[in-house]
Amino acid sequence: MRNALLALLAISPAHGYELKQAFEERFGAAWPPVNIGQVYVTLQRLHRDGLVAGAEVEQTDRPNKTVYQLTPAGRKELETWFTTPSAVPRLRDDFVTRVLLAGATGMADPLGLINEQRTLYLRAIRQLSEVPFEAGREVLSGLLVEGATLHLEADLKWLDRCEELFREGSIE
Amino acid sequence: MKIIEARALTKQYGSNEEPISALRGVDFSLERGEFVAVMGPSGCGKSTLLHLLGGLDRPTSGELFFDEKRVDGLSETAWAILRRRNVGYVFQFFNLVGNLSAADNIELPANVAGVPAAEARRRRVELMEQLGIADRANMVPSRLSGGERQRVAIARALINRPAVLLADEPTGSLDSVAAQEVLALIRTFHASGQTTVIVTHDARVASAADRVVRMRDGAITSETAMSRNGDERSRVADLVALEL
């Protein structure tokens, strides 16, 4: 949320509620609805860290609102964010540790665990293939669903490899 | 009601001295209207099973019932008739006749089955429209894309309104866009009642089935009903779970 808010402020100065709206307009298909409280807390932290500056704007019939804009330090922070590649995705370690310890503890069958995980992934692919796209958000929705599906396909291939190694006794 | 039931099917290839077992006792049944996907590593026997279910090959032992009639001992001629009327087969590499137009390829099984020409044409035109290839009728297969060829092959498989559609890696030689189009069409036919068995490596194809059967070393190792999780989240945002 932090970097996304900074980036939205790089587009134009805004107050908290405008940021929430801008955020949902851009990412409504991708993120659950934004909590306005979280927006204000994040803005306060960015302000504390000198990355944004706030200016009070008087309103006649409501309390004053604060319009935020990016500071030079904020812009520098954002430049670093854009130029640093995102981390490589890593294996979900809960399943890996469970399957490796299942046989060793004698408490579960690794092949059974693999099968259950496989079923879960197949059902997730099914669910992704059936999820409706909101009108006007088809392109971003399609892109995200495709990404999630490709990840699941890779995970399924990896489960096949796991099963081979357990069956041939290379791991126990 | 079961349309196909197999009991303890085995299939051996090679000599009696050194037989190679492709199937080691498979029990399998298929309900009318069901869509089953068969998965498993290469050489697990999944294509052999499909061939036996569709009468393209005979089991070494075991029993096979089609529409509750025992069929494993049928003669070649009787099988040819059964296949023509009841089984539509789709192959990975299309197996279209190269010097016939798409329309003639599709109508061929209807002609062989003695369907009147006008009726065959009517069904063919309807199928080509459903499959989105109506404008390809006069083209020979070499002028069609892979996805179009597979759609012609699906139309050919369905022209005699078979009780079961059997498909062996139907998306296996297609690019991902064509594969998804073919899958969408298979889902549509299944939704309108077509009983379907698909052998596949493709998780997206398998995920569309009612039931997924996994094979290994000539035997079925697991079966999974694909009914819903009870998890009814239906927003992209919840399913892809991006992190902020």
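Preceding this paragraph is the structure being described.
Residues numbered from 1 in each chain as written. Chains lettered and ligands numbered in written order. Predicted model: local features only at pLDDT ≥ 70, side-chain atom pairs only at ≥ 80, totals over all residues.

Asker: I tried to follow the interface of chain B and chain A on my own but got confused; where do I start?
Answerer: Contact residues are listed per partner, giving 19 residues for chain B and 26 residues for chain A. Looking at the side of chain B that touches chain A, the elements with two or more residues in it are α7 (203-207), β10 (219-225) and α8 (236-240) of chain B. The element contributing the most residues to the side of chain B that touches chain A is α8(B), with 5 residues. Here the side of chain B that touches chain A is built from residues that sort into 12 nonpolar, 5 polar and 2 charged. (Contact = placed C-beta atoms within 7 Å. Helix = DSSP H or I, 4+ residues; strand = E, 2+ residues; numbered from the N terminus. Nonpolar A, V, L, I, M, F, W, Y, C, P; charged D, E, K, R; others polar.)

Asker: What exactly am I supposed to notice about the sheet that holds strand β1 (residues 2-13) of chain B here?
Answerer: Strand pairs in the sheet, formed through backbone hydrogen bonds, run parallel or antiparallel to each other. All names here are of chain B. Sheet architecture is open: 4 strands sit in the order β2-β1-β4-β5, paired in antiparallel fashion. Looking at strand neighbours, the two that pair on one side only are β2 (20-31) and β5 (69-70), the edges of this open sheet. One ladder, built from 9 bridges, connects β1 with β2; its direction is antiparallel. Bridge pairing links lysine 11 to leucine 23 in β2. (Pairing = 2+ DSSP bridges.)

Asker: Looking at this structure, I do not really get the sheet that holds β10(B). What am I missing?
Answerer: Residues and elements named next belong to chain B. Strand order across the open sheet formed by 6 strands is β6-β7-β8-β3-β9-β10, with mixed pairing between neighbours. The sheet is open, and its two borders are formed by β6 (87-90) and β10, each paired with just one other strand. Across the sheet, the mean angle separating the axes of adjacent strands is 15° when strand polarity is ignored. The sheet contact formed by strand β3 (residues 35-39) and strand β9 (residues 211-216) spans 4 bridges and is parallel. Of the residues in β9, the one forming a bridge with valine 38 is valine 213. Sheet strands in contact with helix α5 (residues 146-158) are β6 and β7 (164-168), and its direction is about 165° off that of β6. (Axes fitted to C-alpha atoms, helices over the stretch in contact; angles between N-to-C directions.)

Asker: Explain the nonpolar core to me, please; I cannot follow it from the model alone.
Answerer: One recurring pattern in soluble globular proteins: nonpolar side chains tend to sit buried together. Among the nonpolar cores identified, the biggest contains 77 residues, and Ala37(B), Val38(B), Ala155(B), Leu166(B), Val197(B) and Ala209(B) are the most heavily contacted of them. Of all the elements, α5(B) adds the most residues to this core, at 6 residues. (Core = buried A, V, L, I, M, F, W, Y, C linked by C-beta atoms within 7 Å. Buried ≥ 20, exposed ≤ 12 C-beta atoms within 10 Å, placed from the backbone.)

Asker: Just checking my understanding: could you explain the environment of Ala80(B) for this structure?
Answerer: Residue and element names in this part refer to chain B. Along the chain, alanine 80 turns up in helix α2 (residues 76-86). Overall, alanine 80 belongs to the partly exposed group, with 13 C-beta atoms counted inside 10 Å. Separated by 130 residues in sequence, alanine 80 and aspartate 210 place their C-alpha atoms 29 Å apart.

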